[in-house]
Amino acid sequence: MLYSTETIDEGSEKYDLLLTLTGGFNPTPRVLAAPLDAALSRDAFRADDKLVAYLTGVNAGAGLLPIRSTASNEERSAPGVGTVAAGRGGVFVFSDNLSAPDIYPATASLNVWNAALAGPPQQLEAKVIDRRNVFVAPGGRAVLYSRPAAPQHENVAGIWVAALP
Amino acid sequence: MGEIDTGVVSGKLLPDASALLYMVSDQLRRTALPEAVAVPVVTNEFRRVQR
């Protein structure tokens, strides 16, 4: 289980972040993030709890995305992440490359990353509307997002579904 | 079933209903079910961060 000991709300909550097993008393919980530096996004754990994902140093809606093994504490990370959601296995979907917040519509890139494998994240969509409009379907087999009109998409905007690995 | 504990703020049942995790003040406690035998998991400064 993830928990904090200190929280502040500056429009969005920030806290320290600790990880502990819940089978009994644990005198040495694992500290994942420093005080008031962490935030959680849509999903913190993949379904079998083997990986945990969170954000640190969030500024203007984006921060570093560490994904850690709950068993070994091995960490991989991606910068500039807005929202992260968990799919199946070690698959996470996240938005990055956020546009300036004062330009409408706010856009981001959408990426898929199997953090259980050695490879880097792969871009799923170059431009989606709003970094927060990223929803993984129940079962983790697909992701829903909104895409703006663009010539390469026959100028059709709308809600799109992409299969996840 | 009887009373599990007093001063409980919130709780979460494990998916298999074998145990309950719950908050009392700034502690996280756990009890197996259906017997109510509470043990502390986090003894102080516990704040829930997950929805």
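Here goes a summary of the coordinates provided.

Thresholds, definitions, all that
Residues numbered from 1 in each chain as written. Chains lettered and ligands numbered in written order. Predicted model: local features only at pLDDT ≥ 70, side-chain atom pairs only at ≥ 80, totals over all residues. Contact = placed C-beta atoms within 7 Å. Helix = DSSP H or I, 4+ residues; strand = E, 2+ residues; numbered from the N terminus. Nonpolar A, V, L, I, M, F, W, Y, C, P; charged D, E, K, R; others polar. Pairing = 2+ DSSP bridges. Buried ≥ 20, exposed ≤ 12 C-beta atoms within 10 Å, placed from the backbone. Axes fitted to C-alpha atoms, helices over the stretch in contact; angles between N-to-C directions. Core = buried A, V, L, I, M, F, W, Y, C linked by C-beta atoms within 7 Å.

### Considering the interface of chain A and chain B
Inference 1: With 13 residues of chain A at the interface, the matching set in chain B holds 13 residues.
Inference 2: In terms of residue count, strand β1 (residues 2-4) of chain A provides more of the side of chain A that touches chain B than any other element does, three residues in total.
Inference 3: A per-class count over the side of chain A that touches chain B returns six nonpolar, seven polar and no charged.
Inference 4: Bridge count for β1 of chain A against strand β5 (residues 47-48) of chain B is two bridges, and the pairing is antiparallel. Directly across from S4 of chain A, in β5 of chain B, lies its bridge partner R47 of chain B.

### Digging into the environment of L110 of chain A
Residues and elements named next belong to chain A.
Inference 1: On the secondary structure map, L110 appears in strand β11 (residues 107-114).
Inference 2: Residue classification places L110 among the buried residues on the basis of 25 C-beta atoms within 10 Å.
Inference 3: Separated by 17 residues in the primary sequence, L110 and V93 have C-alpha atoms spaced 7.2 Å apart.
Inference 4: Apart from residues no more than four positions distant in its own chain, L110 is found in contact with V93, S95, L124, E125, V128, V134 and Y145.

### Some words on unusual backbone geometry
Inference 1: Each neighbour pair has its own omega, and for Y104 of chain A with P105 of chain A the value is -5°, a cis peptide bond.
Inference 2: With respect to the helices and strands, P105 of chain A occurs in the loop between β10 (91-96) and β11.
Inference 3: Look at the link from L33 of chain B to P34 of chain B: it is a cis peptide, with omega at 10°.
Inference 4: Summarising the element assignment, P34 of chain B is placed in the loop between β3 (27-32) and β4 (38-42).
Inference 5: Non-glycine residue D130 of chain A carries a positive phi angle of around 70°.

### Here we look at the sheet that holds strand β12 (residues 122-129) of chain A
Residue and element names in this part refer to chain A.
Inference 1: The strand order β9-β10-β11-β12 describes an open sheet built from four strands, whose pairing is antiparallel. Each of the sheet's edge strands pairs with one partner strand only, and the pair in question is β9 (84-86) and β12. Averaged over all neighbouring strand pairs, the angle between strand axes comes to 20°, with direction disregarded.
Inference 2: In this structure, β11 lies alongside β12, joined through five bridges in antiparallel fashion. Looking at the pairing, L110 lines up with E125 of β12.

### A word on the nonpolar core
Inference 1: Core analysis: the biggest nonpolar cluster contains 42 residues, and L17, A53, Y54, F92 and V93 of chain A have the highest contact counts within it.
Inference 2: In this structure V93 of chain A touches A85, G87, L110, V112, V134, V136, V143 and L164 of chain A, once residues within four positions along its chain are discounted.

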